[in-house]
Amino acid sequence: MPQLSINGQSYFTDSPPDSPLLWVIREDLRLTGTKFGCGGGYCGSCTVHINGLPVRSCQVKLGDVDSNAVITTIEGLDPSDAHPVQRAWIEHEVPQCGYCQSGQIMQAAALLAVNPNPTTEQIVQHMNGNLCRCATYSRMVTAIHRAAQLAKEA
Amino acid sequence: MGDMKTPQQGMTRRDFLVRSTVVAGSGFLSIGLPGLASKDAAAAGTAAFTPSIWFTMTPDGKTTMHIVKAEMGQHIGTGLAQVIADELEVKWADVRLDTPLESVANFAVYGLAYTVNSGSITTEFDRISRAGAAGRMALIEAGAKVLGVDAGGCYAKDSRVVQKSTGKSVTYGEILQKVTIDKKFAYPADFKGIALKSRDQYSLIGKSVASLDVPAKTNGKAKYGIDVFLPNMVYGALVIPRTRYSSKVVSIDDSEAKKIPGFIKAVKIEEAMGKCTGWVVAVADKYPTAMKAAKALKVKYDAGPYAALDTPTLLAQYKDLSKNEKESAAWVLEGDVDKGFAEAEKTLEMEYTTDMICHATMEPLNCTVQMANGEWHVHIGTQSTSFARMTLTGYLATVLKKKPEDLKIFVHQYLVGGGFGGKQDYDDILAAAWCVKEVGRPVKLIHTRESNFATSFARTPTYHKLKAGIRDGKLMAMNQDIVCGWMGARFGVGKKYGSDWLQLDSVDGKNQDIDQWSIGGSDHWYEVKNHRVRAWNHETTTWAVQASALRTVSNSYNIFVVESFMDEVAHAAGRDPLEFRLSMLNGKGGNRGIPNTGYPPGTPSDYYMDRLWISLPWASENSWPNYESATVGGALRLANCLRVAAGKAGWGTRRLPPNTGLGIAVTAAEERQSPTWVAGIAEVTVDPATGSYSINRLTIAMDPGIVVNPKNVDAQIRGSALWGASQIMSERLTLKNGGFEQSNYHQYQPIRLAQVPEIDVTIIASDHHPSGVGEPASTIVAPAVANAIYNAVGARVRHMPIAPEAVLEAMKKAKA
Ligand code: FES
Ligand code: FES
C-alpha cells in the first residue's frame with residue numbers, strides 16, 4: 001500500500017497508482033483544502049508543495065510520488081495557520097469565494113521561499129498559472145508584497 | 001432557478017415578535033414573525049420561540065445572525081450582519097453567523113433561500129434594519145426595568161443599555177438572564193414607532209469590518225459542497241453527452257468499464273421535467289475510478305433535434321427572424337420612432353452580435369445526496385437551497401411516482417466556490433439522487449471540468465440591429481432590435497409556459513410575453529424622445545444551449561451594444577462622446593427616477609426581486625412598508641458618476657501614448673427598477689501590426705447608495721470589472737454539432753493575472769437606499785474597451801468578444 005508523507009504525517013492509501021495525487025489527498029486523506037479546478041494543469045487550484053516546490057497535484061500520479069517526498073498542503077503550511085502569506089491574505093482580505101485560494105497561497109509561499117523580495121513582475125510571472133474566477137488578482141499582488149515584509153519582521 | 005411556476009402567496013404576517021424565553025436557566029432572545037412558533041418547541045414543553053428569522057441572542061450576549069443568502073464571494077453574511085448589528089447595538093465581536101437547513105418547515109419560516117441579482121442587501125436592508133431596531137427597543141425597555149429606571153432616559157450601545165443621566169448600565173446578557181421579553185410590533189401601527197437610526201448614527205454600516213468568512217478561506221478549513229463526506233459514500237462522474245441538450249441514450253456498453261477495479265455501475269439517469277437529457281453516470285468506489293469508467297463506457301445516442309446545430313447557424317436564423325417585424329414584442333416604445341427617422345438629417349444603421357459565454361466557476365458543479373430513514377439529504381453549495389429542494393421534489397415525485405408531500409427532502413448549504421448565476425440549476429442533484437436510488441448508497445457526483453463545460457448553462461448568442469436618427473447633432477430617434485434565446489422558458493416563466501408570474505408584458509398592446517432577463521439593459525437612461533426596442537425569442541437556442549442567467553444577465557450584452565452604438569452616434573453627430581452622453585443623461589421624463597423618498601404602494605423597487613420577496617409564505621404584495629426606491633435621483637446620479645470617472649481618467653485633458661485611446665461606458669444595471677449607477681473609462685493600447693490590444697487602466701465610479709462595507713464593495717467592483725475585461729478579451733463559448741466546443745481552461749480562457757490592468761475605483765457613497773454591487777461594473781468594461789480601441793486606431797468592432805483579427809480587419813475597413 002503506497003505510503004505518503006504529508007504535512008509531517010504518514011498516510012497510507014489503497015488508491016491505484018495511476019490515481020492523481022490530488023484525489024488521494026482530497027478524498028482518501030480528506031485534506032480537502034487542496035481543490036480540484038480543472039484536472040488539466042491549467043488552473044493551479046490543486047497546488048501543493050513537493051520537496052518545497054509548487055506542484056499541480058492533479059498532474060502527479062500517486063505511483064510516481066517518491067515515498068521520501070515531503071508533501072505539504074495548505075493544512076500543513078504553518079502549524080498555526082499564520083504563515084506570512086496567510087496573514088497577509090487575511091489582512092488584505094484577498095479571498096472572495098475562496099475556492100482557488102489554497103492553490104494561490106501555496107504558489108505564493110513557494111515564491112517567497114526562494115525569492116524573499118520579489119518584484120511585481122516576478123510575482124505576476126510566478127502566479128500567472130493560477131486562475132481566479134472571482135479575479136482577486138490585484139489584492140494577491142499587494143498581499144504577496146506584504147507577506148514578504150511580514151516574513152522579514154518575524 | 002428552479003421551477004418558478006408556483007409561488008406561494010396569500011398570508012400577510014408582517015408583525016414582529018421579540019421574545020425571550022428562559023430554558024433551563026438561560027434566556028434566549030429571538031425575533032421573528034407571529035404564527036410560526038414551532039410545534040417541536042411546544043412539544044418539548046418549552047416556550048422557546050424557535051423560528052427566529054433574523055437572529056438569536058443568548059445570555060452570554062453572543063448573537064447568531066441567521067443568513068439564508070449563499071456565501072459565494074460577496075461576504076454577504078458579514079454585510080447583512082453588519083446591518084442588523086448596527087441597529088441592534090450589539091458588539092461586533094459577539095456576532096456569529098449560521099445558515100438554516102432548507103426544508104419544508106424552514107421554508108415556512110425563512111422564506112425563499114435564493115441569492116441572485118446582486119439583490120441581497122437591496123432587498124433585505126429595510127427589513128433587517130427594522131428587525132435589529134425592534135430588538136434594540138425591546139432590550140432598552142427590559143434593561144430599564146432591570147435598572148429600575150425610565151426607559152425613555154436610556155439608550156443602547158455595545159451590547160449594553162445605559163441610563164443617560166447616570167451612566168448606569170446593564171449588559172444585554174444580564175438582561176436576558178433577569179427578565180422575560182415579550183414584545184409585539186404590530187404592522188402597520190407600531191412600525192412607524194420603530195426608530196431606525198439616521199445615517200449619521202451608523203457605527204457599523206459604512207465600516208470595512210473584517211469579513212467573517214475570510215480566515216477559513218486561507219487555511220483549508222472552509223467547507224464547500226465538494227468537501228462533503230458521508231459514510232459509505234461512492235462517487236459519480238458524468239459521461240459527456242453527445243449534445244448539450246436532448247440527446248437520448250440508446251445503449252450502454254460497459255464491458256470495458258467492468259474491467260476497472262472499483263467500478264460499480266453505469267447509471268442511466270431517468271429523465272423528467274426535461275432535465276439530465278442523455279445523462280449516464282459512472283459510479284465507482286473512488287473518484288479517479290469513476291472518471292476512468294466514464295471514459296471507458298461506450299454510450300450510443302440518438303442525438304436529437306439539435307445534433308447539427310452550430311453558432312453560425314443560430315446567428316443566421318436570428319437575422320432572418322428579425323425581418324419578421326410582426327412577431328416582435330416591444331420592450332420600449334416612446335414617442336414616434338418612424339417619424340423621428342423620417343425627420344432625421346442622417347441615419348446610422350449597424351448590426352452587432354455577441355458570442356456565448358459561460359460561468360466556468362472554479363468549483364465545478366457537484367453535490368452529494370443521501371437517502372436514509374425515508375429522508376433525502378442533499379449537500380451542496382448552491383444559489384438557492386429552496387429551488388434545489390423544490391426541483392428535487394418535483395423530480396422524485398415524477399420518477400418515483402410519489403406525492404410531493406410524502407417526500408422528505410433537506411438541503412444542506414455549504415460555501416459556493418463561485419456562483420455568477422451558474423449555481424441555480426439542479427440537474428446534478430437529480431442525477432445524484434437517481435444514482436442513490438440505483439446503487440443504494442450515498443453518492444457524491446462531481447463534474448470533471450470537461451463535463452462541466454459540456455453541460456454549461458450558457459449566455460445566449462445575440463443579434464442586434466440598431467438605427468439612429470440624427471438631427472442638429474442630436475439623437476432624435478433610436479431603434480434596437482434584439483434576437484436571442486430567452487431564458488424564461490426554461491423556468492416555466494411566461495404565459496406560454498403556464499405562468500404569468502415574474503413576467504412582463506410587451507408595451508405594444510399585443511399582450512405578449514417579454515422576458516426581461518433577456519432584454520433588460522436596452523432600456524437605458526438617456527433621454528431619447530423617440531425610442532423603441534423590439535425583441536424576438538429564438539426558442540431553439542433556449543433549449544439547445546440551455547440559455548441561462550450569467551452575471552448581469554442581459555445587461556452583459558445589451559450594455560456592450562448600446563454603449564458601443566452611443567459612441568458611434570456621437571462620432572456621427574460630430575460630438576464628443578462624453579459631452580454627448582452627459583447631454584442626454586439629464587434626468588428628464590422617465591429618466592428622473594422616483595423623485596421623492598418612498599414610493600406609492602404598487603411601485604416595485606425591483607420588479608422581480610419584489611416578486612420573489614412576496615413569495616415568502618408569510619408575505620403578500622405591498623405587505624411591507626415602502627422603502628426608498630433605488631431609482632431616486634435617476635439619470636442625474638449616472639451623469640455624476642460619469643463626470644467623476646471621466647475627470648479621474650483625464651478624458652480630453654491627458655496626452656496619450658501612440659495607438660492608445662480612452663473609451664467611455666455607463667450602465668444602470670441590473671434593472672430599471674433596481675439601478676446601480678456606474679461609469680467607466682478604459683485606456684487601451686492597440687498594436688496596429690497585429691490588432692492585439694491590452695487594457696492599461698480602468699477608471700470606475702459607482703454610486704450604489706448606502707455602502708455597508710466599503711472594502712467588500714471595492715472588491716466586488718474590481719472583480720466584476722475584470723469579469724467584464726475577460727469577456728471582451730478572451731471568453732468565448734461556441735456550439736458545434738449541438739455541443740460546446742470548449743472543454744477546459746486552455747480553450748475557454750478567463751482573465752489571468754498578467755492581463756490585469758490597473759483599476760481606479762471611486763465609490764460615491766450616498767445616503768440613498770443601497771443597491772447591488774456584485775455585477776454592474778462588469779457590463780461597462782466591454783463597451784469602454786471597444787470604444788477605446790476605436791479612439792486608439794479607428795477600428796470599430798461590433799462583436800463581442802473582440803479578437804485581434806477583428807481589430808485588424810476593422811482597421812483595414814476604416815482605411816478603405
Ligand atoms: S486542478 Fe490541477 S491545475 Fe487545475
Ligand atoms: S476567490 Fe473565487 S475563484 Fe478565486
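Residues numbered from 1 in each chain as written. Chains lettered and ligands numbered in written order. Predicted model: local features only at pLDDT ≥ 70, side-chain atom pairs only at ≥ 80, totals over all residues. Heavy atoms only, no water.

On to the overall build of chain B, then. A tally of regular secondary structure across chain B gives 20 helices and 32 strands. By the burial criterion, 65% of the 816 residues in chain B qualify as buried. Sequence-distant contacts, at least 24 apart, represent 79% of the contacts inside chain B between residues at least 6 apart. About 27900 Å² of surface is accessible on chain B, with carbon and sulfur atoms providing 51% of the total. (Helix = DSSP H or I, 4+ residues; strand = E, 2+ residues; numbered from the N terminus. Buried < 20%, exposed > 50% of the residue type's maximum accessible area, 1.4 Å probe, protein only. Contact = heavy atoms within 4.5 Å. Areas by Shrake-Rupley, 256 points an atom, 1.4 Å probe, with all protein chains shown as cover.)

This part takes up the packing of helix H3 (residues 101-114) of chain A against helix H4 (residues 120-127) of chain A. Residues and elements named next belong to chain A. Running from N to C, H3 and H4 point in directions that differ by 130°, and their axes come no closer than 10 Å. In terms of orientation, H3 lies oblique with respect to H4. Crossing of H3 against H4: the hand is right-handed. Taking contact as the criterion, the partners of Gln104, Gln107, Ala108, Ala110 and Leu111 in H3 are, on H4, Ile123, His126 and Met127. Its residues placed into classes, the contact of H3 with H4 shows 5 nonpolar, 3 polar and no charged. (Axes fitted to C-alpha atoms, helices over the stretch in contact; angles between N-to-C directions. Parallel < 35°, antiparallel > 145°, perpendicular 65-115°, else oblique. Left-handed = near helix turned anticlockwise from the far one by under 90°. Nonpolar A, V, L, I, M, F, W, Y, C, P; charged D, E, K, R; others polar.)

Moving on, we come to the pattern of salt bridges. As enumerated under the stated definition, the model contains 49 salt bridges over all chains in all. What emerges from the salt-bridge pattern is a single network uniting Arg26, Glu27 and Lys35 of chain A together with Asp227 and Lys444 of chain B. (Salt bridge = Lys/Arg side-chain N within 4 Å of Asp/Glu carboxyl O.)

Residue and element names in this part refer to chain A. The domains assigned to chain A are domain 1 (3-76) and domain 2 (84-153). Summarising the inter-unit geometry, the C-alpha centres of domain 1 and domain 2 are found 21 Å apart. Opposite the 16 residues of domain 1 that make contact, domain 2 presents 14 residues. Carbon and sulfur atoms supply 56% of the area buried between domain 1 and domain 2, which totals about 1200 Å² over both sides. In this structure, the connection of domain 1 to domain 2 is made through 0 salt bridges. The interface formed by domain 1 and domain 2 contains 7 residue pairs in polar contact (both at pLDDT 80 or more). At the level of elements, strand S3 (47-50) and strand S4 (53-56) are the ones that each hand at least two residues to the side of domain 1 that touches domain 2. Per-element tally for the side of domain 1 that touches domain 2: the top contributor is S3, with 3 residues. Looking at side-chain class alone, the side of domain 1 that touches domain 2 contains 6 nonpolar, 8 polar and 2 charged residues. (Domains from an automatic or database assignment. Buried area = accessible area lost by both parts, 1.4 Å probe. Polar contact = N/O pair within 3.5 Å; in protein donor to acceptor, adjacent residues only side chain to side chain.)

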